[in-house]
There are 2 protein chains.
Amino acid sequence: MKNTPLYETSCPIARSLGRIGDSWSVMILRDITAGFTRFDEFQKSCGIAPNILSRRLKDLIDDGLLEKVKYSLSPPRYEYQLTQKGKDFRPVLLALAVWGTKHFSPEGPQLQLVETETHRPLRTAMVDAATGEVVVPEAYSLVPGPAADPIIRYRHAYLRQKKAGVEPLKFTPPEKQG
Amino acid sequence: MKNTPLYETSCPIARSLGRIGDSWSVMILRDITAGFTRFDEFQKSCGIAPNILSRRLKDLIDDGLLEKVKYSLSPPRYEYQLTQKGKDFRPVLLALAVWGTKHFSPEGPQLQLVETETHRPLRTAMVDAATGEVVVPEAYSLVPGPAADPIIRYRHAYLRQKKAGVEPLKFTPPEKQG
DNA sequence: CGGGATCCACCTGGATACTG
DNA sequence: CAGTATCCAGGTGGATCCCG
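Note that the coordinates shown come from a computational prediction; the quantities given were computed from them, not determined experimentally. Per chain, residue numbering runs from 1 following the sequence as it is written. Ligands are numbered from 1 and chains lettered from A, in the order in which they are written. At least 70 in pLDDT is required for a residue's local features to be given in this predicted model, at least 80 for side-chain atom pairs to be given and counted, and no such filter applies to totals for whole chains, interfaces and linings, which use all residues. As a rule here, side-chain values come from all non-hydrogen atoms in the structure, and water together with hydrogens is ignored.

Engineer: Before we go on, may I ask you to explain the overall build of chain A in this structure?
Structural biologist: A run of H or I in DSSP counts as a helix once it spans at least four residues, and a run of E counts as a strand once it spans at least two, with each numbered from the N terminus. If you tally the helices and strands in chain A, you get 8 helices and 5 strands. Traced from its N-terminal end to its C-terminal end, chain A shows the element sequence α-α-α-α-α-β-β-α-α-β-β-β-α. Against the 2.2 N^0.38 benchmark of 16 Å for 178 residues, chain A shows a C-alpha radius of gyration of 20 Å, more extended than a compact globule. In terms of overall dimensions, chain A has C-alpha extents of about 70 × 40 × 35 Å along its principal axes. Each residue is assigned to one of three classes by its accessible area relative to the maximum for its type, calculated with a 1.4 Å probe on protein chains only: buried under 20%, partly exposed between the two thresholds, exposed over 50%. Residue burial in chain A is summarised as follows: out of 178 residues, 49% are buried. Within chain A, counting contacts between residues at least 6 apart in sequence, those at least 24 apart form 34% of the total. When the accessible surface of chain A is totalled, it reaches about 8,600 Å², and 54% of it is carbon and sulfur. Positive charges come from Lys and Arg alone, negative charges from Asp and Glu alone, with His and the N- and C-terminal ends not counted. Charge positions come from single atoms, namely NZ of Lys, CZ of Arg, CG of Asp or CD of Glu. A distance of 4 Å separates the average location of the 25 positive side-chain charges in chain A from that of its 20 negative side-chain charges. Radius of gyration means the value over C-alpha atoms here, while the globule rule gives 2.2 Å times the residue count to the 0.38 power. Throughout, a residue-residue contact means that at least one pair of heavy atoms, one from each residue, lies within 4.5 Å. Only the protein chains shown count as cover for residues, with accessible areas throughout obtained via the Shrake-Rupley method and a probe of 1.4 Å.

Engineer: Looking at this structure, I do not really get the packing of helix α4 (residues 39-46) of chain B against helix α5 (residues 50-62) of chain B. What am I missing?
Structural biologist: The packing of two helices is summarised by the inter-axis angle and the distance between the axes. Residue and element names in this part refer to chain B. Viewed as axis vectors pointing N to C, α4 and α5 meet at an angle of 120°, and their least axial separation amounts to 10 Å. Relative to α5, the element α4 lies oblique. In the crossing of α4 with α5, the sense of the turn from one axis to the other is right-handed. On α5, the residues that touch F39, F42 and Q43 of α4 are P50, L53, S54 and L57. Looking at side-chain class alone, the contact of α4 with α5 contains 5 nonpolar, 2 polar and no charged residues. Axis lines are fitted through C-alpha atoms, for helices just across the contact stretch, and the angle between N-to-C directions can take any value from 0 to 180 degrees. For this classification, under 35 degrees means roughly parallel, over 145 means roughly antiparallel, 65 to 115 means roughly perpendicular, and everything else is oblique. Two helices that cross are described as forming a left-handed crossing if the nearer one is turned anticlockwise from the farther one by less than a right angle, and a right-handed crossing if clockwise. Each residue is assigned to one class: nonpolar for Ala, Val, Leu, Ile, Met, Phe, Trp, Tyr, Cys and Pro, charged for Asp, Glu, Lys and Arg, and polar for all the others, Gly among them.

Engineer: In this structure, what is going on with the interface of chain A and chain B? I would like to understand it.
Structural biologist: By a widespread convention, an interface's size corresponds to the accessible area lost as its parts come together. Listed per partner, the contact involves 101 residues of chain A and 102 residues of chain B. Summing the contributions of chain A and of chain B, the shared interface buries around 9,000 Å²; its carbon and sulfur component is 61%. Summed over both partners, the accessible area (1.4 Å probe) lost when two parts come together is defined as the buried area. It is W99, F104 and Q110 of chain A in chain A that bury the most area against chain B; as a group they hold 8% of the surface buried on that side. The term salt bridge refers to a side-chain nitrogen of Lys or Arg lying within 4 Å of a carboxyl oxygen of Asp or Glu. Counting across the chain A and chain B interface gives 9 salt bridges. Here E107 of chain A makes a salt bridge to R15 of chain B, at a shortest N to O gap of 2.9 Å. We call two N or O atoms a polar contact when they sit within 3.5 Å, provided that within protein one can donate a hydrogen and the other can accept it, with sequence-adjacent residues counted only if both atoms are side-chain atoms. For the pair chain A and chain B, the interface holds 56 residue pairs in polar contact (both at pLDDT 80 or more). No other element matches helix α7 (residues 90-104) of chain A, which puts 14 residues into the side of chain A that touches chain B. Residues belonging to the side of chain A that touches chain B are distributed by class as follows: 50 nonpolar, 25 polar and 26 charged.

Engineer: Looking at this structure, I do not really get the protein's contact with DNA strand C. What am I missing?
Structural biologist: Around DNA strand C sit 20 residues in total, of which N51, I52 and R56 of chain A together with R38 and S54 of chain B are the nearest. Of what DNA strand C places within 4 Å of the protein, 64% of the atoms are sugar or phosphate. Contact distances for DNA strand C include 2.7 Å between a phosphate oxygen and a side-chain N or O atom of R38 of chain B. Elements with a minimum of two residues in the surface near DNA strand C: α5 (50-62) of chain A together with α4, α5 and β2 (77-82) of chain B. Counting residues per element, the surface near DNA strand C draws most heavily on α5 of chain A, which supplies 5 residues. The class makeup of the residues in the surface near DNA strand C is 9 nonpolar, 3 polar and 8 charged. Nearness here has a simple test: a residue counts as near a molecule or strand if at least one of its heavy atoms is within 4 Å of that partner.

Engineer: Help me understand the packing of aromatic side chains, please; the structure alone is not making it clear to me.
Structural biologist: Aromatic ring pairs are described here by two measures, namely the spacing of the ring centres and the angle between the planes. Stacked, edge-to-face and tilted labels apply to pairs of Phe, Tyr and Trp rings (six-membered ring for Trp) whose centres lie within 6.5 Å, assigned for plane angles under 30 degrees, over 60, and everything in between, in that order. Per the counting criterion, the structure on display carries 14 aromatic pairs over all chains. Ring geometry for W99 of chain A and F89 of chain B: centres 4.8 Å apart, planes at 65°, overall edge-to-face. With W99 of chain A in helix α7 and F89 of chain B in the loop between α6 (84-87) and α7 (90-104), this residue pair bridges two chains. As far as the burial class goes, W99 of chain A and F89 of chain B line up, both buried. Centre to centre, the rings of Y158 of chain A and F36 of chain B are 5.8 Å apart; their planes meet at 15°, and the pair counts as stacked. Here the residue Y158 of chain A occupies a position in helix α8 (residues 150-164), and F36 of chain B occupies one in the loop between α3 (23-34) and α4, the pair thus bridging two chains. Each member of the pair, Y158 of chain A as well as F36 of chain B, is classed as buried.

Engineer: Just checking my understanding: could you explain the nonpolar core for this structure?
Structural biologist: Across soluble globular proteins, nonpolar side chains have a tendency to be buried as a group. Core analysis: the biggest nonpolar cluster contains 76 residues, and I20, F89 and L96 of chain A together with I20, F89 and L96 of chain B have the highest contact counts within it. If sequence neighbours within four positions are ignored, L96 of chain B has contacts with P12, I13, S16, L17, I20, F89 and V92 of chain A together with V26 of chain B. Buried Ala, Val, Leu, Ile, Met, Phe, Trp, Tyr and Cys residues form a nonpolar core when they are joined through side-chain atoms within 4.5 Å.

Engineer: How should the protein's contact with DNA strand D be read in this particular structure?
Structural biologist: Close contacts around DNA strand D come from 22 residues, with R38 and S54 of chain A together with N51, I52 and R56 of chain B the closest. What you see for DNA strand D is that sugar and phosphate hold 64% of its atoms within 4 Å of the protein. In the environment of DNA strand D, a base nitrogen lies 3.1 Å from a nitrogen or oxygen atom belonging to the side chain of R55 of chain B. Within the side chain of R56 of chain B, an N or O atom sits 2.7 Å from a phosphate oxygen of DNA strand D. Contributions of two or more residues to the surface near DNA strand D are made by α4 (39-46), α5, β1 (66-72) and β2 (77-82) of chain A together with α5 of chain B.

Engineer: Mind showing me how you'd approach the relation of the copies chain A and chain B here?
Structural biologist: The operation linking the two copies of the chain is a rotation about an axis combined with a translation along the axis. Overlay of chain A on chain B (RMSD 0.0 Å): rotation 180°, translation along the axis 0.0 Å. Taken together, the turn and the small shift mark the pair as related by a two-fold rotation axis. Most of the interface of chain A is mirrored in chain B, where 100% of its interface residues again form contacts. Residues below a pLDDT of 70 in either copy are left out; the C-alpha atoms of the rest, at least 70 in both, set the least-squares superposition of the copies.

Geometric values such as these leave the question of function open.
The following block contains the structure:
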């Protein structure tokens, strides 16, 4: 999508969206993560127009999520592979699949998470790596980290005041957007 | 975004993308999950044009992720709140934040995951809910579930053949896209 | 202050055709 | 088979103005 402004924000979510913030990019990552590698596989599986697919692949390569590898010399044939950055996108895909299944699949699960080796169905939970205790989404928050810039800090400070009931107050971040 | 075709596919990832498959929708969910509730807060925090924000909010309400609640009678004032469906989107946001921090934040973490109560930094892991053992992304796969339709099944069967090295074979799904 | 309406340049994405 | 090129309708999103 190349939503340029989001590239340059400080928020890591926004930065991610700057790379994959459009449906086709995610669909391509879905397919390649599943095992598709070739142009026309993506095209048919996604139902995407070839020119758009071409652009998206180029963008994903530029952003370092994919690489194009020659697998045949004559005729020259290429396939697309995930880089580590691309492989690391997998948890996002999983989260999307879980969310979609839960809320947009009245007919039941179209997809199911299994252990690859054994085919055993898997139910996952998030735990604190230190204690091993299950962490529910409501129990954690994202707060400014060590490298947080003024925009991130301001936003957090504002929200703290808001939650504390300090009103009225205005949200006017140091610079325009974040 | 209302990418209509994706609404009607069978893949839960695609269905999710049909709802939030554009950057602004996710940015709004980011903000409201963080604690923002009002139109102009979203506008300033995201740096989004008001007309686009208006559309997106409407879409998110239509899709059942948000609801508009009157919190003042005169003058009439509304705020936006997450429904359960919207709250359940949180793991996706977290996954995006983790991915963005790891790969697009050379200066260090702008955001940090902490336990809300104690402010203690949190490192999370995914475990098998049954055994409690840590699951690495490579160890699981998404396979057709109980309610999987022919397109999903065909795609999986094709990929199994592909991985087994059966070549050449053509990907021609039962219907156009999925 | 909390939005909605309008205008408009630009981009997206579908269809189709074409090339190596 | 693996794309690229062209055309074009329609949507997106920024700016601006408006209204209660």
